[in-house]
Amino acid sequence: MIFSRENMETMKNKRRDFIKKSISGGLLATFATDIVFADKLPQGIQPLIVEDPNLLGKHKDLVVLNERPWNIETPAHLLDDAITPLDKMFVRNNGTIPENVEAKNWTLTIEGESVKAPKTFTLDELKKKFKHYTYQLQLECAGNGRSGFSPQTAGNQWHEGAISCAEWTGIRVKDLLQYVGLKEDAVYIGYYGKDKHLSGDTSKAPISRGVPITKALEEESLLAWQVNGQDIPLVHGFPLRLIFGGWPASTSGKWVEKIVVRNKVHDGEKMDGTHYRVPAYPVEPGSKVAEADMKIIESMPVKSLITYPRSGAIVEQGKTLPLRGHAWAGDLRVSAVHYSIDFGATWQTTILQAPKNRLAWQQWSAEVSFPSKGYYEIWVKATDSKGVAQPMVIPAWNPAGYLNNACHRIAVKII
Ligand SMILES: Nc1nc2c(c(=O)[nH]1)N[C@H]1C(S)=C(S)[C@@H](COP(=O)(O)O)O[C@H]1N2
Ligand SMILES: [Mo]
């Protein structure tokens, strides 16, 4: 999907409004400092440094959906790498990024009613005490694709770029849980991060979610301090975060300083209501759903992306077009990826690679020929190891617009 000029203009206007607001407040959030002479800044002059995604180390073509909190998505064609580089990793924040974070002072506390021996570790202790593991793990925001739902639902209007698959290094959550000891009744873990609620109310967590013990005890469930061979960038959870590949990325707590082991489903911020939950049965689009009828999203559904070429590609007739991308299926494997150039009337197979490890996305590729000149769309559809395929159209509407795994499509012109 190419972002239209209209969208870019709206973005720019929003940014202008934001700059105006931050100047009137006299505060530069990124520098976390005041503009001392803010009242003397001539009208129409902007400070040289303002909130800008580049200051978060991001590629300039990422799309800012929101600056407070920061939510930034990656256009599909920038997700072409097998391992997502840090400057192309989407950002999803619910609160404000913590300030003055120092790895050497960082501690992690494990407590809760279902832990035998609650304990606080320094980051160094964690690194020394437990074995290190590295896995490529896909993280997808449950709201990825939300912009496709009708009627529109509240929340960031993600297109298809709230997905990454990077290489994370840390310790297994399992090793840590076994060290502190789980009581018989342990069923869930929850996390608390150091980020702040947008309201400034420090008694409230912006988000505090978790996973069932069974997911926490999987081999690929990590408490990580490195990504792609370096310290995790601040915006992605420096110095320590959870990674639960294949599950809503909201379970992968950033800046984590406390893990609680629970004897019931964790009841932290955004575990209730319509947050990260979908109706247990199909509902009429736009309807209200009783809280009792909502269930927590666990493994994410099968999905795929075309990362090359970029939508809008122009190809000479008679030439074949190399096509490629990734596919993933939550806790499952992807068993096949097909593409269509006739709006799904017929489908062709692609070459699909094995994942680097469980819960990593898989690369697929094909060489496409076109019968004549003209406008085409390429649609891509993945099927998971249980035989479930992506829908060609928008899947079941739900109150908060989660789990849109409709086929990704790009436009191609043959000349
Ligand atoms: N502490 C904390 N952890 C968090 C969040 C947050 O706001 N605060 N956002 C969650 C959500 S909704 C997503 S999709 C992922 C995004 O991870 P990323 O920004 O590193 O891509 O982080 C999750 N972990
Ligand atoms: Mo998310």
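Here the structure is shown first, and the text comes after it.
Source: prediction; values computed, not measured.

Turning to the side chain of Ser164, a few remarks are in order. In this structure, Ser164 sits in strand β9 (residues 163-172). Setting aside residues no more than four positions away along its own chain, Ser164 makes contact with Thr84, Met89, Phe90, Leu137, Gln138, Leu139 and Trp361.

Okay, the site of ligand 1 next. Contacts to ligand 1 come from 18 residues, most closely from Asn94, Asp195, His236, Arg241 and Lys254. With respect to ligand 1, the side chain of Asp195 contributes an N or O atom lying 2.6 Å from a nitrogen atom. One of the side-chain nitrogen or oxygen atoms of His236 is found 2.7 Å away from an oxygen atom of ligand 1. A total of 530 Å² of accessible area belongs to ligand 1 in isolation, and the protein chains cover 100% of it.

Of all the nine residues making up strand β8 (residues 132-140), seven are buried; the element is thus mostly covered by neighbouring parts of the structure. Pairing of β8 with β9 involves nine bridges; the strand directions are antiparallel. Paired with Leu137 across the strands is Ala166, a residue of β9.

A few words on the sheet that holds strand β3 (residues 63-67). Reading across the sheet, the three strands line up as β3-β4-β5 and stay open at both edges, with antiparallel pairing between neighbours. Two strands close off the open sheet at either side, each with one partner strand: β3 and β5 (91-92). In terms of strand pairing, β3 meets strand β4 (residues 70-73) through four bridges, oriented antiparallel. Each bridged residue has a counterpart across the sheet, and for Asn66 the counterpart in β4 is Asn71.

Across the 10 residues that make up β9, a large majority, nine, are buried. Note that β9 and strand β12 (residues 222-227) share five bridges and pair antiparallel. Bridged to Trp168 within β12 is Val227.

This paragraph deals with the sheet that holds strand β18 (residues 303-308). Taken in spatial order, the four strands of this open sheet run β18-β20-β24-β23, and their pairing is antiparallel. Edge positions in the sheet fall to β18 and β23 (351-352), since each of these pairs with one other strand and no more. Bridge analysis of strand β20 (residues 321-328) against strand β24 (residues 362-368) gives seven bridges, and the strand direction is antiparallel. Looking across to β24, one finds that Pro322 is bridged to Glu367.

Our next topic: the nonpolar core. Core analysis: the biggest nonpolar cluster contains 47 residues, and Leu108, Ile110, Leu126, Leu176, Ile189, Leu223 and Leu240 have the highest contact counts within it. A total of four residues in this core trace back to one element, the largest contributor, which is helix α3 (residues 173-180). Look past the residues within four positions of Leu126 in its chain and what remains in contact with it is Leu108, Phe121, Ile171, Leu176, Leu223 and Leu240. Ranked by size, the runner-up nonpolar core spans 22 residues in total, among them Val315, Leu321, Trp364 and Ala382.

For the structure on display, the rule yields nine aromatic pairs. Measuring from ring centre to ring centre gives 5.9 Å for Phe90 and Trp158, while their planes differ by 85°; the resulting arrangement is edge-to-face. Linking Phe90 in the loop between β4 and β5 with Trp158 in the loop between β8 and β9, this pair joins segments that are 68 residues apart in sequence. There is no split in this pair, since Phe90 and Trp158 are both buried. An angle of 90° between the planes, with centres 6.1 Å apart, marks the rings of Phe343 and Trp379 as edge-to-face. Of this pair, Phe343 sits in the loop between β21 (334-340) and β22 (348-349) while Trp379 sits in strand β25 (residues 374-384); the two residues are 36 residues apart in sequence, bridging distant segments of the chain. The exposure class assigned to Phe343 is partly exposed, which follows from its relative accessible area of 45%.

The rules we used
- Residues numbered from 1 in each chain as written.
- Chains lettered and ligands numbered in written order.
- Predicted model: local features only at pLDDT ≥ 70, side-chain atom pairs only at ≥ 80, totals over all residues.
- Heavy atoms only, no water.
- Helix = DSSP H or I, 4+ residues; strand = E, 2+ residues; numbered from the N terminus.
- Contact = heavy atoms within 4.5 Å.
- Near = heavy atom within 4 Å.
- Polar contact = N/O pair within 3.5 Å; in protein donor to acceptor, adjacent residues only side chain to side chain.
- Areas by Shrake-Rupley, 256 points an atom, 1.4 Å probe, with all protein chains shown as cover.
- Buried < 20%, exposed > 50% of the residue type's maximum accessible area, 1.4 Å probe, protein only.
- Pairing = 2+ DSSP bridges.
- Core = buried A, V, L, I, M, F, W, Y, C linked by side-chain atoms within 4.5 Å.
- Phe/Tyr/Trp six-rings, centres within 6.5 Å; stacked < 30°, edge-to-face > 60°.

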